[in-house]
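Descriptive structure summary
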Amino acid sequence: PKRILVSRGICTVTMASRIYLIGVLVLCISSFALVNSQQIHAKINHPRPPILQSAADSESHPADVPVQTAEKDSRLDPSNFLVVLIAAIILIYSSHRALCPPFMDMSVASEEVAAYNEAAEAGEMQLHTTFMFVIVSSASLVLIFFFMSAMSVLITILFSFISLVALGALVYPYVEKMTNNAYSREVDVPLLGPMPMLVFGLAPVCALVVFGWLITKSWILNNILAISLIVFFLTSVRLSSLMVAASLLILAFFYDIFWVFCSSAVFGKNVMVTVATGLDVPIKILVPLILAEGKDTQFTLIGLGDIVLPGLLLCFAMRFDDAKGLDLRSNYFAVTMAGYCIGLTICEIIVGSFHWAQPAMIYLVPGTLIPFTLTAFRRGEISELWEGLKSHRRLADSEPHVPYNI
């Protein structure tokens, strides 16, 4: 049926709608792959889009700009490490939620589980999708680069809508639980089909949050919407094999390297930096610097792409652990998460100490893919992981767990 159904925070959409939403997310996630690696100096709640201006430009053109790169004399800040902690918490929550949505009956006979698995399988990335991901991302990046003013308006409108949907999906199961399912009765909506009544109560509240961000550009509201987008993406899209995961992350690795280090030779300017600093949408998580000096608030930040792309591998790792019944303390998810945190910490130390523009994926791809693959070799499961999960059935409590071979 052609409908969008929100049930316990799950968005089940037609394939066309899913591709549309994912495509828009890819559009801007790819544009902000570098944004994590820059500290920015900004006025809180500035309503205007950021203007590209490097530290060197500031000396020759000392204009008061809404956003500029951090000053070279700023030092490593505790907030750089706080970024790692925040990213890890978001990924742990998103992985658990993708595996087991809040308050859902996960018993084998549950109709909710069957419906959820059917919807999740529709969002699985295939091998060819990873190549399309990079192609569409690159094309979008160039399009935004050449038509910045027009595209910034379009992207702001699109992201306002998607942020509204993502925020609603994030809070829906908790509000439904708090109201004891009093507003779960469905109402037929033209073009959309049956929708729970609770959606009509949540929609204005979520719209108010989005509108507040549009007006104030508050970094707090920005973070709320950004986190909602991460959870929405990781619960709507998933990987089911190491082959697809390796393809996606390796392509993203070289994508970052080209657009950060090589695009200037082709386009005359650094395309990634120009786009990342020329748009103002909630595709980054901002953390105020603790040791910053001056009257203006300074931030360190991480782009959503640097959470979402490794997050897809982490979600797959947790699904495989769950299917195998592996111990949570030393499983694929644990070693991959440790590698992610180490890679992001190294990136933050280099950026915070030396202020070198660094695409984080050059640390996050090996930091996640290598530990995951080595663990698979050690356990003798590389072939199984390469082919992927054909189906996912949670082990019953009575079935024995498979221990690691230490």
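Definitions and limits used
- Residues numbered from 1 in each chain as written.
- Predicted model: local features only at pLDDT ≥ 70, side-chain atom pairs only at ≥ 80, totals over all residues.
- Heavy atoms only, no water.
- Helix = DSSP H or I, 4+ residues; strand = E, 2+ residues; numbered from the N terminus.
- Buried < 20%, exposed > 50% of the residue type's maximum accessible area, 1.4 Å probe, protein only.
- Contact = heavy atoms within 4.5 Å.
- Areas by Shrake-Rupley, 256 points an atom, 1.4 Å probe, with all protein chains shown as cover.
- Core = buried A, V, L, I, M, F, W, Y, C linked by side-chain atoms within 4.5 Å.
- Pairing = 2+ DSSP bridges.
- Axes fitted to C-alpha atoms, helices over the stretch in contact; angles between N-to-C directions.
- Parallel < 35°, antiparallel > 145°, perpendicular 65-115°, else oblique.
- Left-handed = near helix turned anticlockwise from the far one by under 90°.
- Nonpolar A, V, L, I, M, F, W, Y, C, P; charged D, E, K, R; others polar.
- Polar contact = N/O pair within 3.5 Å; in protein donor to acceptor, adjacent residues only side chain to side chain.

1. Details of the overall build of the protein
Scanning the protein from terminus to terminus reveals 14 helices and eight strands. Among the 406 residues that make up the protein, the fraction classed as buried is 53%. Taking contacts inside the protein between residues at least 6 apart in sequence as the whole, the part at least 24 apart equals 78%. Roughly 18,300 Å² of accessible area belongs to the protein as shown, and the carbon and sulfur atoms make up 68% of that amount.

2. What about the nonpolar core?
The tendency in soluble globular proteins is for nonpolar side chains to be buried side by side. Ranked by internal contacts, the top residues of the largest apolar core, which has 81 residues, are Leu-312 and Tyr-340. Top element by residues in this core is helix α11 (residues 305-324). It accounts for 12 residues. If sequence neighbours within four positions are ignored, Tyr-340 has contacts with Ala-87, Leu-91, Ile-302, Asp-306, Ile-307, Pro-310, Leu-364, Gly-367 and Thr-368.

3. Quick notes on helix α10 (residues 271-278)
Among the eight residues that make up α10, eight are buried, leaving the element largely enclosed by the rest of the structure. Among the residues of α10, Val-271, Met-272, Val-273, Thr-274, Val-275, Ala-276, Thr-277 and Gly-278 are the ones counted as buried. Of the surrounding elements, those touching the buried residues of α10 are α5 (127-146), α6 (148-178) and α9 (242-267).

4. Observations regarding the pairing of strand β5 (residues 186-189)
Both faces of the sheet carry side chains from a regular strand, because those side chains alternate between them. Sheet analysis places β5 next to strand β6 (residues 193-196), joined by four bridges and oriented antiparallel. Looking across to β6, one finds that Val-189 is bridged to Gly-193. Between β5 and β6, which pair antiparallel one after the other, the connecting turn spans three residues, and Leu-191 there sits at a positive phi close to 75°.

5. Notes on the environment of Phe-145
On the secondary structure map, Phe-145 appears in helix α5. Residue Phe-145 is classed as buried on the basis of its relative accessible area of 14%. Separated by 126 residues in the primary sequence, Phe-145 and Val-271 place their C-alpha atoms 6.4 Å from one another. The residues contacting Phe-145, other than those within four sequence positions of it, are Phe-267, Lys-269, Val-271, Thr-274 and Val-275.

6. Structural notes on the packing of helix α8 (residues 219-236) against α11
Two elements in contact, α8 and α11, have axes separated by 10 Å at closest approach and are oriented at 40°. Classed by the angle they form, the pair α8 and α11 counts as oblique. The two elements α8 and α11 meet at a crossing, and its hand is right-handed. Contacts between α8 and α11 involve Ile-230, Phe-233 and Leu-234 from the former and Ile-307, Val-308, Gly-311, Leu-312 and Cys-315 from the latter. Of the residues that constitute the contact of α8 with α11, the class distribution is seven nonpolar, one polar and no charged.

7. Digging into the side chain of Asn-331
Tracing the backbone shows Asn-331 in the loop between α11 and α12 (332-354). A residue is classified by how much of its surface remains accessible, and Asn-331, at 1% relative accessible area, is buried. A polar contact is formed between the side chain of Asn-331 and the backbone nitrogen of Phe-333, at a distance of 3.3 Å.

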